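Chain residues, written in single-letter form:
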Amino acid sequence: MTNDLLQGALSEYFAPWVQALNLRVESHAPGSVTVRLPRNEQLSRVGGMLCGQAMMAAADTAMVLALVAQFGEFRPCTTVQLNSSFLKPLSNQDALIEAKVLRAGKSLAFGEIDIRGADDGKSVCRASTTYALL
């Protein structure tokens, strides 16, 4: 598995509007991936705050990439549950989304996601996920 293979999965398996987020794979390990969501005025609210919808789309996408890193290949899956807690606003900086697979069984996978500011490293959102493996 390489960052380039994971980056290529973004254009191969995700819808054009997800690709428009311009996510960039920063690093990976088995069952884990960190992606960068670049600051973008189209994804921002008043005061340069990143909107929650963009954070959740990036989190969901990062977790699918973490599953690719876990299995060594893309496996069809669907989100069953995505539970998020927004801790503080993220303003005027890129976001780093770290997704980790906690457990991957035969039919379900569970994960945790931390979204933090790329400049200050402060956590702005935590999410837990469940995926059905198809």
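Higher on the page you've got the structure.
### Regarding the environment of V68
Locating V68 in the fold gives a position in helix α3 (residues 52-71). When the C-alpha positions of V68 and K106 are compared, they lie 15 Å apart, and in sequence the two are 38 residues distant. Beyond its immediate chain neighbours, meaning those up to four positions away, V68 contacts M1, L6, E73 and F74.

### Thoughts on the side chain of D114
Its location among the elements puts D114 in strand β5 (residues 108-117). Side-chain polar atoms of D114 contact the side chain of S123, separated by 2.5 Å. D114 has contacts with L96, I97, E98, S123, C125 and R126, leaving out every residue within four places of it along the chain.

### Here's the deal with the packing of helix α1 (residues 3-13) against α3
Running from N to C, α1 and α3 cross one another at 130°; their axes reach a closest spacing of 10 Å. One finds that α1 runs oblique with respect to α3. Crossing handedness for the pair α1 and α3: right-handed. Across from L6, A9 and L10 in α1, the residues of α3 making contact are T61, L65, V68 and A69. Classifying every residue of the contact of α1 with α3 by side-chain character gives 6 nonpolar, 1 polar and no charged.

Conventions adopted
Residues numbered from 1 in each chain as written. Predicted model: local features only at pLDDT ≥ 70, side-chain atom pairs only at ≥ 80, totals over all residues. Heavy atoms only, no water. Helix = DSSP H or I, 4+ residues; strand = E, 2+ residues; numbered from the N terminus. Contact = heavy atoms within 4.5 Å. Polar contact = N/O pair within 3.5 Å; in protein donor to acceptor, adjacent residues only side chain to side chain. Axes fitted to C-alpha atoms, helices over the stretch in contact; angles between N-to-C directions. Parallel < 35°, antiparallel > 145°, perpendicular 65-115°, else oblique. Left-handed = near helix turned anticlockwise from the far one by under 90°. Nonpolar A, V, L, I, M, F, W, Y, C, P; charged D, E, K, R; others polar.

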